[in-house]
Amino acid sequence: MRPIAHARRLSSRAASTRHAVDAVVVGNPVPLGIPALFLADQLSRGRSLEQILNGKRGLIAEYAGAEGYAYRWGHLIDVGLGRFVKWRVVPVALWERLSDVRAGSPLLIEELLTLVQPGISPALEPHLPSGVVARGCQGASRRSPHALFTLLLTEPRAATAVRQWLASPFLTDLLPSLLNNIERGVADLLRRASR
């Protein structure tokens, strides 16, 4: 009797990740909520409810109507701008992993992001496809303070190719490496500050 060949099934986590990557390709975003960690970060570091709920710059405004894609590392928020699209990269998991190192630090997540952002553009720019620019690495004046950076589609005719690039290699290779570097940088910064 010959064994029956079975197709290898993906784990539910791998299948979910693959579905989320595929959703980027077809441009099928879903509503995203505010990560509880971001609220806790602001409350535990002295932000008032009024500041958090502020209609122009508060956390509520940052996530108002947010749609995109949820991954284990965080959110890729998809913002349509007519014929153009921008994708905000909002890491969440790295802040969960850094919670012990951040204990006792008065710095908000958005303040730490401002400190590590100067290295982002040089790391990203050589890998960006034609029709995409990286923005939002300028510090505290950003409209989306929890976003690590924003990718802007500047050439609408390249949308299909850019979405393919987002799925791979951006989400599968470039972003994980960048997030690891950011996490190490933040941890080192906090350790030096606590000495």
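Now for a look at the structure at hand. Throughout this description, residue numbers start from 1 for each chain and increase along the sequence as written. Totals for whole chains, interfaces and linings use every residue, but because this is a predicted model, local features are given only for residues with pLDDT of at least 70 and side-chain atom pairs only at 80 or more, for both listing and counting. With hydrogens and water stripped out, all remaining heavy atoms of the structure feed into the side-chain values.

## Comments concerning the environment of Leu32
Structurally, the position occupied by Leu32 is in the loop between strand 1 (30–31) and helix 2 (36–44). Exposure categories follow from relative accessible area, calculated using a 1.4 Å probe and restricted to protein chains: below 20% of the type maximum is buried, above 50% is exposed, and the middle band is partly exposed. A relative accessible area of 11% places Leu32 in the buried class. The spatial distance from the C-alpha of Leu32 to the C-alpha of Gly65 is 7.9 Å, given a sequence separation of 33 residues. By definition in these notes, contact holds between two residues if any of their heavy atoms fall within 4.5 Å. Apart from the residues lying within four places of it in its own chain, the contact partners of Leu32 are Tyr63, Ala66, Glu67, Gly68, Tyr69, Ala70, His75, Leu76 and Ile77. Runs of H or I in DSSP of at least four residues are treated as helices and runs of E of at least two as strands, each being numbered from the N terminus.

## Here we look at the packing of aromatic side chains
Note on aromatic contacts: the rings of Phe and Tyr and the six-membered ring of Trp form a pair at centre separations within 6.5 Å, being stacked when their planes are under 30 degrees apart, edge-to-face when over 60 apart, and tilted otherwise. Per the stated rule, a full pass over the model turns up three aromatic pairs. Between the aromatic rings of Tyr71 and Trp73, the centroid separation amounts to 5.4 Å while the plane-to-plane angle is 10°, which identifies the pairing as stacked. Its relative accessible area of 12% is what places Tyr71 among the buried residues. Judged by relative accessible area, Trp73 falls into the buried class, the value being 16%. The structure contains a cluster of three or more aromatic residues connected by ring pairs, namely Phe149, Trp165 and Phe170.

## Quick look at the sheet that holds strand 6 (residues 149–153)
Across the sheet, which stays open at both edges, the six strands sit in the order 1-2-3-4-6-5 with antiparallel pairing between neighbours. Of all strands in the sheet, those with a lone pairing partner are strand 1 and strand 5 (132–135), marking the two edges. Most of the contacts of helix 9 (residues 159–193) go to strand 6, to which it runs at about 160°, and overall it touches strand 2 (67–70), strand 3 (74–81), strand 4 (84–91), strand 5 and strand 6. DSSP-based pairing: two strands are paired if at least 2 bridges between them are found. Note on definitions: angles span 0 to 180 degrees between N-to-C directions of axes, and those axes are lines fitted to C-alpha atoms, for helices only across the stretch in contact.

## Observations concerning the pairing of strand 3
Counting buried residues in strand 3 gives six out of eight residues, a clear majority hidden from the surface. Strand direction decides the pairing type here: strand 2 and strand 3, joined by three bridges, are antiparallel. What sits directly across from Gly68, in strand 3, is Ile77. Between strand 2 and strand 3, which pair antiparallel in sequence order, lie three residues. Sheet topology note: the strand 3/strand 4 ladder contains eight bridges and is antiparallel. Within strand 4, the residue paired with Ile77 across the bridge is Arg88. Here strand 3 folds back onto strand 4, and the loop between the two strands holds two residues, one of which, Gly82, carries a positive phi near 70°.

## A look at helix 2
Among all positions of helix 2, only Phe38, Asp41 and Gln42 are buried. Angularly, the buried residues of helix 2 cover 90° about the axis, an arc narrow enough to put them on a single face. Facing away from the buried side of helix 2 by over 90 degrees, the exposed positions are Ala36 and Ser44. Buried residues in helix 2 make contact with helix 3 (49–53), helix 4 (59–63), strand 4, helix 5 (93–97), helix 6 (99–102) and helix 7 (109–116). Of the residues one or two after helix 2, Gly46 is the one with positive phi, at around 90°. This arc corresponds to the set of directions leading from the helix axis out to the C-beta atoms.

## Quick word on the nonpolar core
Ranked by internal contacts, the top residues of the largest apolar core, which has 52 residues, are Leu76, Trp95, Phe149, Leu151, Phe170 and Leu171. At 14 residues, helix 9 tops the list of elements feeding residues into this core. With near-sequence residues (within four places) excluded, Leu171 lies in contact with Val21, Val24, Tyr71, Trp73, Leu76, Leu166 and Pro176. We call a set of buried residues a nonpolar core when its members are Ala, Val, Leu, Ile, Met, Phe, Trp, Tyr or Cys and they connect through side-chain atoms within 4.5 Å of each other.

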